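Per-entry structural report
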Amino acid sequence: MWLWFSKLGSPKWFYELSGKWLPWLVGPMAFLLVVGIVLALLFVPPDYQQGNTIRIMYIHVPFASISLAFFPLMALAGTITLVWRMKLADIVAKTAAPLGAWFTALALASGSIWGSDIWGTWWIWDGRLTSMLLQLFLLIGVISLRSALEDAEAAAKACAVLSIVGCINVVVIKYSVDWWNTLHQPSSPFSVSNEAPNPPEVWVPLVIMIFAVYLFFAVSLILSIRNEILVSERRSEWVQQLVQGS
Amino acid sequence: MSIQRTTTIKAFQATLRRDLLIAYKRKNDVINPFMFFLIVATLFPIGISPDPDRLSEIATGVLWISTLLASLLAMDNLYRADYEDGSLEQLLLIPHPLYFMVMAKNVAHWLISGLPVVLVSPLIAYMLNLPAESFGTLFITLLLGTPVLSLLGSIGVALTVGLGSRGLILAVITLPMSVPVLIAGTLAVQQTLNGASLAGYVAIMGAMLLASISLAPLASAAALRISVN
C-alpha cells in the first residue's frame, strides 16, 4: 500500500502510466463530444421560451460545473504537498491553477453570451456570476503568487497554503454572494417522464456533454501535467533519453 | 546559568507591547493609513456627486471600501520590517506556539490601523450624510469586521513577505477574500435603514470573526514558516 503510494509520487512512473491511460480517455472524450454536440445543436427541440438560445446551455452548464472542482482539487493537492511533500501533487496544483482560470473564464463567457439574449444584458451583478468572477480573481492570485516566488519549493508550499485558504473562502464567498443578490435560476430537476418540464431529449444530451467536458478536463489536466513533468525533470536521464529517442 | 522560562501569555504580551512600542516610535506608519482612509473617503463625494441624497445612498459602501483599502495599505507594516531586520526569524524560534505570536502581532496591527478607522467612522458617516439611526450599526459592524480584515490580510502578507516591494500581489490575493465581510457589513447598514433588526447580520459577522480568529493565524503561521525558510 505504501509502496504504491510512494510510487504515485514519482513523476516518471506517472508519466509512463498516464501515457497508457491517455488513448482510453481521448477516445471516449472525442466520441461523447461529437455525439453530444450533434445532438445539442441539431436534435434538441427549441425551448418554448428561449428558442435556439437554449443550446448554449450544453456548453455553459458542463464548464460551469467542472470549474467548481478546481479549488477543492488544488486544496487537496496542496494538503498532500504540505504533508507528504509529494512532487507530483505540486505539479497537479501548478497545472490546475491556469486550467481552472481558463475553465472559469469560459463558463463566465458562455454564460454572458447566453444572458445577453435571455436577460437582455451581458453582465449583471448576480450571486452566481459574482462568485464565479471572484473565483477567477482568486485563481489569478494563486497563479501570480506562484510566478512571483522564485524558489520552487517555497512557491509550492505558499501556493498550497493559499489554495487551502482560498478553498474555504470560495465556499464563504459563494454563500454570502448568493445571499446578497440572486437572479440566476436554481438548477432544474431532471426527470425521465415525458410530461416533466425537462424531457429526456433535452437532458440526455446535457448529461453526455457533462461527461464529455469532464473527460476533456481530465485529458487536458493529464496533458499539462505530463508537459510539466518533462520540464521539471529535464535534467534527469529518462527525460533526456526520451527526447533523444524521439 | 539558569534558563528563565516564560509562559505563553507573557510571550504574547511581550510581542504585543513590542509592536505597539514600535508603532509609537514610528508614528508615520500609523498616521499614513489613517490619512489614506480620510482622503479616499473624501474623494468619493468629489468624484461622484456632492448631492446629499446620492451621498447617503453610497455612504456605507464608501466607508467600507475606504476601510478595506486603508487596511490593505497598512498590511505591509505587519511583517516586512521584521523580515528585513531579521527579528521575524527570532519570532519563529520562540519556544511558544507561533499561533499566539501571530495573534499578538495581528492584535497590535488592528489596534494601530483598524481601531482608529472604526472610531472616526461616525464622523465620516455624518459628513457623507448617512442617516443618523444607522451610525450604531455601522460602528458595530466595522468593529467586528476590521479584525477579520487584519486577520485575513495577515495571511496574504505572510505569503508575500519575501517578495520585496511587489505589493500589488498582496491586493490581488487579499481583496477577493474580503468580499464576505464587505457584503455582511453593507447589508447590515441597509437593513437598519429599512428598520429591520440587525441581530442576524451581527451574528454572521461574529461568526466570521470567530472563524478567522481560530483559523487565520494558523494559516499565517504556516505561511511565515514557508516565507522565512
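Details of the structure are given in the entry above.
Scope of this entry: the structure provided in the associated data block. Not measured: the values here are computed from a predicted model.

**Quick look at the overall build of chain B**
Tallying secondary structure elements over chain B gives 10 helices and 0 strands in all. Starting at the N terminus and ending at the C terminus, chain B contains elements arranged as α-α-α-α-α-α-α-α-α-α. Principal axes of the C-alpha set define a box for chain B whose edges measure 70 × 35 × 30 Å. Buried positions account for 45% of the 229 residues belonging to chain B. The long-range share in chain B, meaning contacts at least 24 apart out of those at least 6 apart in sequence, stands at 81%.

**Quick notes on the interface of chain A and chain B**
Accessible area lost on assembly of the parts is the figure often given for the size of an interface. Taken residue by residue, the interface counts 20 residues in chain A and 20 residues in chain B. The set of elements that each furnish at least two residues to the side of chain A that touches chain B consists of α6 (127-148) and α7 (152-180) of chain A. A total of 12 residues in the side of chain A that touches chain B trace back to one element, the largest contributor, which is α7(A).

**Remarks on the nonpolar core**
Counting residues in each nonpolar core, the largest one holds 123 residues, and the members touching the most others are A:A93, A:A158, A:V161, A:L162, B:L159, B:A184 and B:A223. Beyond its immediate chain neighbours, meaning those up to four positions away, B:A184 contacts A:S176, B:Y201, B:I204, B:M205 and B:M208.

**As for unusual backbone geometry**
With phi around 50 degrees, A:R85 is a residue other than glycine that occupies positive phi space. You can see A:R85 is positioned in the loop between α4 (70-84) and α5 (87-118). The phi torsion at B:N129 lies on the positive side, around 65 degrees, for a residue other than glycine. Looking at the secondary structure, you find B:N129 in the loop between α6 (98-127) and α7 (135-160).

Definitions and cut-offs
Residues numbered from 1 in each chain as written. Chains lettered and ligands numbered in written order. Predicted model: local features only at pLDDT ≥ 70, side-chain atom pairs only at ≥ 80, totals over all residues. Helix = DSSP H or I, 4+ residues; strand = E, 2+ residues; numbered from the N terminus. Buried ≥ 20, exposed ≤ 12 C-beta atoms within 10 Å, placed from the backbone. Contact = placed C-beta atoms within 7 Å. Core = buried A, V, L, I, M, F, W, Y, C linked by C-beta atoms within 7 Å.

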